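Observations on the three-dimensional arrangement
Chain by chain, the residues:
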Amino acid sequence: MRDFNEFNITDAVIERFGATPNPRLKQLVSRLTAYLHDYVREVEPSFEEWLLAVQFLTRTGQLCDEARQEFILLSDVLGISMLVDAVNHRLPDGATETTVLGPFHVDNAPLLENGADMSPGMSGEPLYIEGQVIAADGTPLEGAMVDLWHSDQDGFYDVQRTDLVGPIGRARVRTEAGGKFRIRTITPSPYPIPYDGPVGDLLTATKRHPWRPAHVHFMIAHPGYETLVTHVFDADSDYLDSDAVFGVKNSLIREYVRHEQGPMPDGTPVAGTWRHLQFQFGLKSRE
Ligand code: BEZ
Ligand code: FE
């Protein structure tokens, strides 16, 4: 077949993928072709605009390495990460809603005892986190692995700071009887997603800000259940309605309750104010 034009080229490309043996791959590439061709027909990019787009994607790829994933960041600010999350997590009642993993998770964070301090020596308003992990049907899950991490009072994760010997501000803890866990830390702050690359340029050009509201990340695993990846957002934080990556859900917002004086619930003395976060996490069964 020859003589392709703006009306017949889409079907020709899809037909060229016709012999793809894997039916799912065939669907993915055919529908991608159809949507991208429709996009081009609708917006009619000039050659300069097309080249700019190619240069943008090239820079996005060139910035990716072990520590930086600019393509996922692009997916995040376009709302695609949360959309992929949504279509993969249609949850039963009682299961906690999910949100983005983000780039700052680190495997094998220190495994701490319940009640330990996961941010020793860090400045910030102390935060006492108490959680319970249950199945969506209400059964408490003892022995669940709770992996948690968050920004410091200046809005940085340990992996972003060159002046720190980490890991710090991150830990794993196992749930005890009744599915309960507790950990001491400091209160996280809002922070900007990395904006020194092409994704930041896109935000600037479109007058969008790069900020995320203050949150603690949780990844919770237990055999027989889907691993839960979520955050709990501070109800007092800025940016809850304009999160740069569209990750906020009402059910994930909690008051980090401020107390004017100590001690904390486990008797730990505190000099000034401290905060208390309590949350119950529901896991979806794999069956
Ligand atoms: C985070 O919450 O750590 C995060 C999520 C998406 C993009 C950047 C950071
Ligand atoms: Fe985060």
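Residues numbered from 1 in each chain as written. Chains lettered and ligands numbered in written order. Predicted model: local features only at pLDDT ≥ 70, side-chain atom pairs only at ≥ 80, totals over all residues. Heavy atoms only, no water.

This part takes up the pattern of salt bridges. In the structure shown here, the tally under the stated rule is 15 salt bridges. Asp38 serves as the salt-bridge partner of Arg41, at 3.1 Å between the closest nitrogen and oxygen. Placement of both Arg41 and Asp38 in helix α2 (residues 23–43) is noted, with a separation of three residues, approximately one turn of the helix. A residue is classified by how much of its surface remains accessible, and Arg41, at 28% relative accessible area, is partly exposed. Taking relative accessible area as the criterion, Asp38 reaches 45% and is therefore assigned partly exposed. Among the salt bridges present, the one from Arg184 reaches Asp266, with a minimum N-O distance of 3.7 Å. One end of the pair, Arg184, is in strand β4 (residues 180–186); the other, Asp266, is in the loop between β10 (257–259) and β11 (274–283), and 82 residues separate them in sequence. Judged by relative accessible area, which is 36%, Asp266 ranks as partly exposed. (Salt bridge = Lys/Arg side-chain N within 4 Å of Asp/Glu carboxyl O. Helix = DSSP H or I, 4+ residues; strand = E, 2+ residues; numbered from the N terminus. Buried < 20%, exposed > 50% of the residue type's maximum accessible area, 1.4 Å probe, protein only.)

Right, let's talk about the sheet that holds β4 for a bit. Spatial ordering of the open sheet is given by β4-β1-β11-β10, a layout of four strands whose pairing is mixed. The outermost strands of the open sheet, each flanked by one partner alone, are β4 and β10. Here the strands of the sheet are splayed against their neighbours by 25° on average, with no regard to which way each runs. Sheet topology note: the strand β1 (residues 126–135)/β11 ladder contains nine bridges and is parallel. Following the sheet pairing, Gly131 is matched in β11 by Phe279. (Pairing = 2+ DSSP bridges. Axes fitted to C-alpha atoms, helices over the stretch in contact; angles between N-to-C directions.)

The N-to-C vectors of helix α3 (residues 47–62) and helix α6 (residues 198–205) enclose an angle of 135°; their axes lie 9 Å apart at closest approach. When the axis of α3 is compared with that of α6, the two are oblique. Listed contacts from α6 to Phe56, Arg59 and Thr60 of α3 are Pro198, Val199, Asp201 and Leu202. For the contact of α3 with α6, the residue count by class is four nonpolar, one polar and two charged. (Parallel < 35°, antiparallel > 145°, perpendicular 65-115°, else oblique. Contact = heavy atoms within 4.5 Å. Nonpolar A, V, L, I, M, F, W, Y, C, P; charged D, E, K, R; others polar.)

All right, on to the domain arrangement of the protein chain then. Along its sequence, the protein chain is carved into domain 1 (9–81) and domain 2 (93–283). Taking only C-alpha atoms into account, the centre of domain 1 sits 33 Å from that of domain 2. Contact with domain 1, which involves 12 residues of that partner, is made by 14 residues of domain 2. For domain 1, the biggest contributors to the area lost against domain 2 are Leu73, Asp76 and Val77; these three give 44% of the whole. Our count for the contact surface shared by domain 1 and domain 2 stands at two salt bridges. For Asp201, the salt bridge identified is with Arg59, shortest N-O distance 3.0 Å. Remark: the boundary between domain 1 and domain 2 carries four residue pairs in polar contact (both at pLDDT 80 or more). Of all the secondary structure elements, the ones that give two or more residues to the side of domain 1 that touches domain 2 are α3 and α4 (70–77). Looking at the side of domain 1 that touches domain 2 element by element, the count peaks at five residues for α4. (Domains from an automatic or database assignment. Buried area = accessible area lost by both parts, 1.4 Å probe. Polar contact = N/O pair within 3.5 Å; in protein donor to acceptor, adjacent residues only side chain to side chain.)

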